[in-house]
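# Examining the three-dimensional arrangement
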Amino acid sequence: MPRKPSKDADRLRRAWSGLAIEVFRLNGDLIEGGDALVRDLGLTSARWQVLGAIALSPVPLPVAHIARNMGLARQSVQRVVDDMRDDGLVRTEPNPHHRRAPLVAMTPQGEAAYEQATARKDLWADVLTEGLSAETIEAAGTLLRTLQQRIAASHGHIASIAATRKETQE
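The following refers to the structure shown. (Residues numbered from 1 in each chain as written. Predicted model: local features only at pLDDT ≥ 70, side-chain atom pairs only at ≥ 80, totals over all residues. Heavy atoms only, no water.)

### Concerning the pattern of salt bridges
It is possible for side chains bearing opposite charge to pair when their charged atoms get close. Taken as a whole and assessed by the stated rule, the structure comprises seven salt bridges. Close ionic contact of aspartate 82 with arginine 85 constitutes a salt bridge, the shortest N to O distance being 3.5 Å. With a gap of three residues between them, aspartate 82 and arginine 85 both fall in helix 4 (residues 74–86), about one helical turn apart. Since its relative accessible area comes to 26%, aspartate 82 is described here as partly exposed. Arginine 85 gets classed as partly exposed once you look at its relative accessible area, which sits at 35%. With a closest N to O distance of 3.1 Å, glutamate 93 and arginine 91 form a salt bridge. Assessed through its relative accessible area of 23%, glutamate 93 is described here as partly exposed. Exposure remark for arginine 91: the relative accessible area of 36% places this residue in the partly exposed category. (Salt bridge = Lys/Arg side-chain N within 4 Å of Asp/Glu carboxyl O. Helix = DSSP H or I, 4+ residues; strand = E, 2+ residues; numbered from the N terminus. Buried < 20%, exposed > 50% of the residue type's maximum accessible area, 1.4 Å probe, protein only.)

### Some details on the sheet that holds strand 2 (residues 90–93)
Ordered in space as 1-3-2, the three strands form an open sheet in which the pairing is antiparallel. Here the strands that pair on one side only, and so sit at the sheet edges, are strand 1 (61–62) and strand 2. Bridge count between strand 2 and strand 3 (residues 103–106): four bridges; the pairing is antiparallel. When the sheet's bridge partners are listed, arginine 91 is paired in strand 3 with alanine 105. Sheet strands in contact with helix 2 (residues 45–56) are strand 2 and strand 3, and its direction is about 95° off that of strand 3. (Pairing = 2+ DSSP bridges. Contact = heavy atoms within 4.5 Å. Axes fitted to C-alpha atoms, helices over the stretch in contact; angles between N-to-C directions.)

### Some details on the packing of helix 3 (residues 63–70) against helix 4
Two numbers describe how helix 3 lies on helix 4: the axes approach to 9 Å, and their chain directions differ by 120°. On the basis of the axis angle, helix 3 is oblique to helix 4. Helix 3 and helix 4 meet at a crossing whose hand is right-handed. For the pair helix 3 and helix 4, the contacting residues are Val63, Ala64, Ile66 and Ala67 in the first and Arg74, Val77, Gln78 and Val81 in the second. Across the contact of helix 3 with helix 4, the residue classes tally to six nonpolar, one polar and one charged. (Parallel < 35°, antiparallel > 145°, perpendicular 65-115°, else oblique. Left-handed = near helix turned anticlockwise from the far one by under 90°. Nonpolar A, V, L, I, M, F, W, Y, C, P; charged D, E, K, R; others polar.)

Next comes the structure, spelled out in structure tokens:
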């Protein structure tokens, strides 16, 4: 018989649930705001995110590596890359290590769009962070990275938790 959680455990669970809901809301608002910020540049938040992954890498990467670095599904990134290639924002290059996984690089048009998006993001950040300390934002980033790492590490436990819950319900 499962034990009743302590008050501290119950509070932590409520806090976690509340934080998860706020992150979902933040994600939706961030995507919506990002889309509006870069729409006239021929970008969406998804395109901007992929260009950012390309920009952060010192070398061109295949789609699978971009997806892994950004925590996205490979198929989603492939669709975005295909669309951006059609629009002249990225190009693909042969990959000497894998014939069927070309490397993705920005074109000059993609670089210009990314630079403009980054400049706009900086202005937006100034508005969003007014009155907040860098330490507060850094601490929030640290917390989110820690939770992301724990979520990634817990994927093996999810199936056993789901199976345990199913057994107790039967």
